[in-house]
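Residue-level listing of the chains:
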Amino acid sequence: MPKFLLSLLFMCMTSMMWSQSSQQEKLEQRKAEIQREIRENEKMLTNVKSKEKSAMNIFLIQKNKIRLKETLINTTEKQTKLLANDMYINQMKINKLNKELLVLKEDYAQMIVKSYKSRSEQSRAMFILSAENFLQAYKRAQYLKQYTSFRKNQGEEINTKSTQLVEFNDKLNLQKVAKQKLLVENKKEKETLVKEKQEQEKLVNSIKKDKNRIVSDIRKKQRESKTIDKQIDRLIREAIAEANRKAALEKAKARALALKSNASPKEVAAAVAKEPVSSSRIALTPEDKLIADSFKANRGSLPWPVEKGFISLGYGDQAHPIYNTLVIHNSGVEITTNEGATARAVFGGEVASIMVLSPVNKAVMVQHGDYFTIYQNLSSVSVNKGDKISIKQSLGRVRTNGDTGKTVIKFLLLQNTTYTNPQSWLSNK
């Protein structure tokens, strides 16, 4: 029974180690991703600082870098904890092997002594010949054979367990080195994090001195944003109405053909034009419904509208990162990216509209059934209205603000005319 329990414990520990090894690999991959994002963030920060642009922009990029550093530290701490658990399990295995080896060696030593005392062939022959009958003699011969085999097996088991013990000790030593490396690494990251937070605090204090100008700029941008949102809303309603008119015309033509009507295509179109058409909800065709359903099924796994970047302003009513009492409304998400970045489609669809929102701000609206994605703040556009596009296809170049040095894409997502939070639709990268 004790042997069974020990075997069961060994199997459980092995299973735990395999699971922890898998978790370690995932954490290592995640850590590599975070480190890559930090490097990209540092390049962005260096680029902005070199141009001596907006302190607010530097603050936002630095804030994201601090967030990434904190995530990196937490990930490393998880790795250290898993490694400590793994080391504990290995130590238990080493202790178990040491106990088993001690018992095996003691048994083996006793067996060798007994074998030495009865080592002569004569004593073995006498043991067999002194049997009372042939069956007993046969059984004694078999016993001697099994005894010899058992002694050999026990010796081999001692060698196997000794090898395992060496392997586990080597593995434990490597894990101790790895754990120490992680601890040193984390300590270094924490020290740099403290310095970056101090630098961030200085930057915040310098920004606060210019509160009136910042508040004035934000209010001006909010007014501009509301004007653009109204323009987008109008264009979306026009796109919905146009799509519904096309669908209604196709249905009317099919109905006229089925009834063998003598009405000309122009007369059919004129009759359709007189009928009221919804501008708030698309009447989906079977093909459009498939596209919409497919788009909806990919919620949470859509690629980002730019290859690299971070969300610098979330969706909805957002408190200002420095002035908490100041509320900023955002109809989409703003993603800060690298200068020269390309905007890309998050899903396949049709270009519904190319919008010129201001002399320096263009936008592309893509339709996916009754869903719309809008890519705003582009300096140039590489598609045309009516184009069928594929996922990750280039739509244009994201504009870099000459005054602030910020390269920001505003990404909006709507179902018909209802705005929704785009962040919940995007993948975690």
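Cut-offs and rules
Residues numbered from 1 in each chain as written. Predicted model: local features only at pLDDT ≥ 70, side-chain atom pairs only at ≥ 80, totals over all residues. Heavy atoms only, no water. Helix = DSSP H or I, 4+ residues; strand = E, 2+ residues; numbered from the N terminus. Buried < 20%, exposed > 50% of the residue type's maximum accessible area, 1.4 Å probe, protein only. Contact = heavy atoms within 4.5 Å. Areas by Shrake-Rupley, 256 points an atom, 1.4 Å probe, with all protein chains shown as cover. Phe/Tyr/Trp six-rings, centres within 6.5 Å; stacked < 30°, edge-to-face > 60°. Core = buried A, V, L, I, M, F, W, Y, C linked by side-chain atoms within 4.5 Å. Salt bridge = Lys/Arg side-chain N within 4 Å of Asp/Glu carboxyl O. Pairing = 2+ DSSP bridges. Polar contact = N/O pair within 3.5 Å; in protein donor to acceptor, adjacent residues only side chain to side chain. pLDDT = per-residue confidence, 0-100.

Tallying secondary structure elements over the protein gives 7 helices and 12 strands in all. Each of the 429 residues in the protein was classed as buried or not, and the buried ones make up 38%. In the protein, the proportion of contacts linking residues at least 24 apart, taken out of those at least 6 apart, comes to 74%. A total accessible area of about 25,900 Å² is found for the protein, and carbon and sulfur atoms account for 54% of it.

Another point: the packing of aromatic side chains. Applying the stated rule across the entire model yields 5 aromatic pairs. Their ring planes at 35° and their centres at 5.0 Å tell us that phenylalanine 295 and tyrosine 371 sit as a pair that is tilted. Linking phenylalanine 295 in helix H7 (residues 286–297) with tyrosine 371 in strand S8 (residues 371–381), this pair joins segments that are 76 residues apart in sequence. Its relative accessible area of 0% is what places phenylalanine 295 among the buried residues. Considering the side-chain rings of tyrosine 375 and phenylalanine 411, the 5.3 Å spacing of their centres and the 45° angle between planes classify their relative orientation as tilted. Within this pair, whereas tyrosine 375 is found in strand S8, its partner phenylalanine 411 is found in strand S11 (residues 408–415), the two being separated by 36 residues in sequence. Tyrosine 375 gets classed as buried once you look at its relative accessible area, which sits at 0%.

Okay, the nonpolar core next. The biggest cluster of nonpolar side chains holds 27 residues, and the ones touching the most others in it are Tyr375, Leu395 and Ile409. At the level of secondary structure, the elements contributing two or more residues to this core comprise H7, strand S4 (333–336), strand S7 (361–368), S8, strand S10 (394–398) and S11. When residues no more than four places from it in sequence are discounted, the contact partners of tyrosine 375 are Pro305, Arg344, Ala345, Val346, Lys362, Ala363, Val364, Val366, Leu395, Ile409, Lys410 and Phe411. Grouped together as the second largest cluster of nonpolar side chains are 16 residues, Ile232, Ile282, Phe372 and Leu414 included.

Counted under the stated rule, the structure contains 9 salt bridges. Across the salt bridge formed by glutamate 70 and lysine 197, the nearest N and O atoms sit 3.0 Å from each other. You can see glutamate 70 sitting in helix H2 (residues 55–117) and its partner lysine 197 sitting in helix H4 (residues 134–208), a full 127 residues away along the chain. Classification of glutamate 70 as partly exposed rests on a relative accessible area of 30%. We classify lysine 197 as partly exposed; its relative accessible area is 40%.

Burial along strand S3 (residues 327–330) is one-sided: Ile328 and Asn330 are buried, and none of Val327 and His329, which face the opposite way, are. Summarising the sheet, strand S2 (residues 316–319) and S3 pair through 4 bridges and their orientation is antiparallel. In the strand pairing of S3, glycine 316 is matched with asparagine 330.

Mapped onto the elements of the fold, serine 301 is located in the loop between H7 and strand S1 (310–313). Separated by 123 residues in sequence, serine 301 and serine 424 place their C-alpha atoms 9.0 Å apart. When sequence neighbours within four positions are dropped, the list of residues in contact with serine 301 reads Trp425, Leu426 and Ser427.

Turning next to the side chain of asparagine 416. Take asparagine 416: it is sitting in the loop between S11 and strand S12 (418–420). Since its relative accessible area comes to 5%, asparagine 416 is described here as buried. Among the polar contacts made by the side chain of asparagine 416, one reaches the main-chain amide nitrogen of isoleucine 282 at a distance of 2.9 Å. Setting aside anything within four residues of it in sequence, one finds asparagine 416 in contact with Ile236, Ile240, Ser280, Arg281, Ile282, Asp370 and Phe372.

The next thing to look at is the confidence of the model for the protein. Per-residue pLDDT for the protein has a mean of 78; in total, 72% of the residues score no lower than 70. Element-level pLDDT for the protein is lowest in helix H3 (residues 121–129), with a mean of 54, against a maximum mean of 97 in strand S5 (residues 342–344).

Residues other than glycine seldom take positive phi values, yet asparagine 377 does so here, at roughly 75°. Relative to the helices and strands, asparagine 377 is located in strand S8. Classification of asparagine 377 by relative accessible area gives buried; the value is 14%. Of note in the backbone geometry, lysine 392 takes a positive phi value of approximately 70° without being a glycine.

Moving on, we get to the pairing of S7. Of all 8 residues that make up S7, 7 are buried, and the element is covered over most of its length. From the end of strand S6 (residues 349–358) to the start of S7, which pair antiparallel, there are 2 residues. Bridge count between S7 and S8: 7 bridges; the pairing is antiparallel. When the sheet's bridge partners are listed, glutamine 367 is paired in S8 with phenylalanine 372. The turn joining S7 and S8, which pair antiparallel and follow one another in sequence, is formed by 2 residues; a positive phi near 70° is taken by glycine 369.

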